[in-house]
Amino acid sequence: MCTDKNKHDRSRRKFIQQTTVAGAALLLTNPIDMFSQTTGKQAANIKSKGYAARDASGKLSLWEFERRPVGDNDILIEIKYASICHSDIHQMKGDWGPQQYPQVPGHEIVGIVTAIGKNVKKFKVGDRAGVGCMVDSCMQCDSCKRGEEQFCDNGKTLFTYGYPDKSSPSGITQGGYATNIVVRDHFAVHIPDNISFEQAAPLLCAGITTYSPLMKAKFKKGDKVGVAGIGGLGHLAVKLAVSKGAEVYAFTTSADKVNDIKSFGAKEVIIVDDLSKLKPYKGKLDYMISTIPAQYDVAAYAAAVKPGGSYTQVGMPVGFNLTLSNIALATTRVNFNASLIGGIPETQEVIDYCAKNKVVPQIQVIKAEAVNEAWENVVNKKARYRYVIDVKTI
């Protein structure tokens, strides 16, 4: 005969068994997975902190803001380092058009994946990841499908900061001078273990921006390649071209960079304090890439390339517009073209290539509080050659 006490004991044993099983399941569940599984429409925004521009003064200050929750196709990256690109300065100052503020710049971003959406297969929690100049696109058009998301045929390329973004609590994308970032997994790349975070960061813009046109130029080992403008982009262009077997001629207006540039492997360094310094090199080069981010005499530099050769402009001046002399450029008989960063597959390619071949940028790691001074140095050509912000100092 069953007594009330026996019923109570059986109920108590059943409860203990159920809670033990549930507890074991919780222990086996990754807490990050639990977090990512809750990332729906009701999930809370993610708190972040970074250095933002409040106006077009070019001065940054600390700002607390929020990121969107981690969606099904997103990853959350705890940012470790973010490097400074001249583009950051141009955009925050409104050189490329009116901006919405506050705005956090930065599109050379590296860190650790701390959460993933339920559909994410490309990354797992704990992976080293990087984010460059774009964070989304339509993913359906021909350009996106062939890995050129920066040229999305539907105009849906979403650049890393300052672009209208309905998913962002601030209404625009916010960049990497910050403690974290939420990004669609496709637009992050893996950072190999054999390169440091601080060395990898500049490759996400400066690296891919120079690597992409250099590879498309298809120069051969021993070809003469010119690099005009030896700053954050230019010094990497020198190193990349040298690593591919080119004989590199570097053109700079900074005499105090000569020894550095030679140490990067350049065969010759030409100080262009006057355009007459270019004349001895007329028709000598097989190819030239220019990283100069200002108005300059393009035809004078292009004349250093052999007739029928190619000249690529990657530096972006104020207003995005570069004034060209059509007749002067025509007489050089050089094929002038421009290039815009690179797609996600090629960005992964340059990261892997540089890690494997020890092609790394020359960097200066700074505390976040020194960002305004660093910006002044970039503008005044004093950077040697890429400032990298240690995000733990934010």
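Before reading on, note that the structure itself is shown above.
Model, not experiment: these values are computed from the prediction.

### Concerning the state of the cysteines
In the structure shown here, the tally under the stated rule is zero disulfides. Among the cysteines around Cys133, which has no disulfide bond, Cys205 carries the closest sulfur, lying 3.7 Å off. For Cys133, a relative accessible area of 9% corresponds to the buried category.

### Comments concerning the packing of aromatic side chains
For the coordinates displayed, the defined rule picks out eleven aromatic pairs. Between Phe264 and Tyr385, the ring centres sit 5.4 Å apart and the planes meet at 80°, which makes this aromatic pair edge-to-face. Residue Phe264 is found in the loop between helix H8 (258-263) and strand E12 (268-271), and its partner Tyr385 is found in the loop between helix H12 (371-379) and strand E17 (386-390); the two are separated by 121 residues along the sequence. Residue classification places Phe264 among the buried positions, given a relative accessible area of 7%. An aromatic cluster of three or more residues is present, and its members are Tyr249, Phe251, Tyr281, Tyr296 and Tyr301. Over the face of the ring belonging to Phe197 we find Arg128, whose NZ or CZ atom lies 4.3 Å from the ring centre. Taking NZ or CZ as reference, Arg384 lies 5.7 Å from the ring centre of Tyr385, over its face.

### Description of the side chain of Thr160
Of note, Thr160 is situated in the loop between strand E7 (158-159) and strand E8 (180-184). A distance of 3.0 Å separates a polar side-chain atom of Thr160 from the backbone oxygen of Cys133. A polar atom in the side chain of Thr160 sits 3.1 Å from the backbone nitrogen of Met134. Every residue in contact with Thr160, bar those within four places of it in the chain, is listed here: Gly106, His107, Ile109, Gly132, Cys133, Met134, Val135, Thr173, Gln174, Gly175 and Ile181.

### Points about the sheet that holds strand E14 (residues 305-313)
Overall, parallel pairing links the six strands, which are arranged E12-E11-E10-E13-E14-E15 in an open sheet. Strands at the two margins of the open sheet, each flanked by one partner only, are E12 and strand E15 (335-338). Each neighbouring strand pair of the sheet contributes to a mean axis angle of 20°, computed without reference to strand direction. With five bridges joining them, strand E10 (residues 224-228) and strand E11 (residues 247-252) adopt parallel strand pairing. For Gly226, the partnering residue across the bridge sits in E11 and is Tyr249.

### Structural notes on the environment of Lys239
Structurally, Lys239 is set in helix H7 (residues 232-243). If we ignore the near neighbours within four places in the chain, the residues touching Lys239 are Phe264, Val359, Val360, Pro361 and Gln362.

### Observations regarding the nonpolar core
By size, the foremost hydrophobic cluster in this structure holds 93 residues, and its most contacted members are Ile75, Ile84, Tyr177, Ile191 and Leu214. The contact partners of Ile191, leaving out residues within four places of it in the chain, are Val110, Arg128, Ala129, Gly130, Phe197, Ala200, Leu204 and Ile351.

### Concerning the environment of Gly176
Tracing the backbone shows Gly176 in the loop between E7 and E8. With relative accessibility at 0%, the residue Gly176 sits in the buried group. For the pair Gly176 and Val104, spaced 72 residues apart in sequence, the C-alpha to C-alpha distance is 7.0 Å. Not counting residues within four places of it along the chain, the set of residues in contact with Gly176 comprises Ile79, Ala82, Val104, Pro105, Gly106 and Ile109.

### Overview of the packing of helix H6 (residues 206-217) against helix H11 (residues 344-357)
Put simply, H6 and H11 touch, their axes get as near as 10 Å, and they point 95° apart. The orientation of H6 relative to H11 falls into the category roughly perpendicular. Where H6 abuts H11, its residues Gly207, Ile208, Tyr211, Ser212, Met215 and Lys216 lie against Glu346, Thr347, Glu349, Val350 and Tyr353. Residue classes in the contact of H6 with H11 are distributed as five nonpolar, three polar and three charged.

### What to know about H12
Listing the buried residues of H12 in full gives Val371, Asn372, Ala374, Trp375, Asn377 and Val378. Close packing links the buried residues of H12 with strand E1 (46-53), strand E2 (60-67), helix H3 (86-92), strand E16 (363-367) and E17.

### Here's the deal with the pattern of salt bridges
Opposite charge on two side chains lets them pair, provided their charged atoms get close. For the structure on display, the rule yields 17 salt bridges. Close ionic contact of Arg128 with Asp193 constitutes a salt bridge, the shortest N to O distance being 3.6 Å. Of the two residues, Arg128 is situated in strand E5 (residues 128-131) and Asp193 in the loop between strand E9 (188-190) and helix H5 (197-200); the sequence distance between them amounts to 65 residues. For Arg128, a relative accessible area of 18% puts it in the buried group. Glu148 is the partner of Arg146 in a salt bridge, and the nearest nitrogen-oxygen pair spans 3.0 Å. A relative accessible area of 23% places Glu148 in the partly exposed class.

What counts and what doesn't
Residues numbered from 1 in each chain as written. Predicted model: local features only at pLDDT ≥ 70, side-chain atom pairs only at ≥ 80, totals over all residues. Heavy atoms only, no water. Disulfide = S-S within 2.5 Å. Buried < 20%, exposed > 50% of the residue type's maximum accessible area, 1.4 Å probe, protein only. Phe/Tyr/Trp six-rings, centres within 6.5 Å; stacked < 30°, edge-to-face > 60°. Helix = DSSP H or I, 4+ residues; strand = E, 2+ residues; numbered from the N terminus. Lys NZ or Arg CZ within 6 Å of the ring centre and 35° of its normal. Polar contact = N/O pair within 3.5 Å; in protein donor to acceptor, adjacent residues only side chain to side chain. Contact = heavy atoms within 4.5 Å. Pairing = 2+ DSSP bridges. Axes fitted to C-alpha atoms, helices over the stretch in contact; angles between N-to-C directions. Core = buried A, V, L, I, M, F, W, Y, C linked by side-chain atoms within 4.5 Å. Parallel < 35°, antiparallel > 145°, perpendicular 65-115°, else oblique. Nonpolar A, V, L, I, M, F, W, Y, C, P; charged D, E, K, R; others polar. Salt bridge = Lys/Arg side-chain N within 4 Å of Asp/Glu carboxyl O.

These figures capture arrangement, not role.
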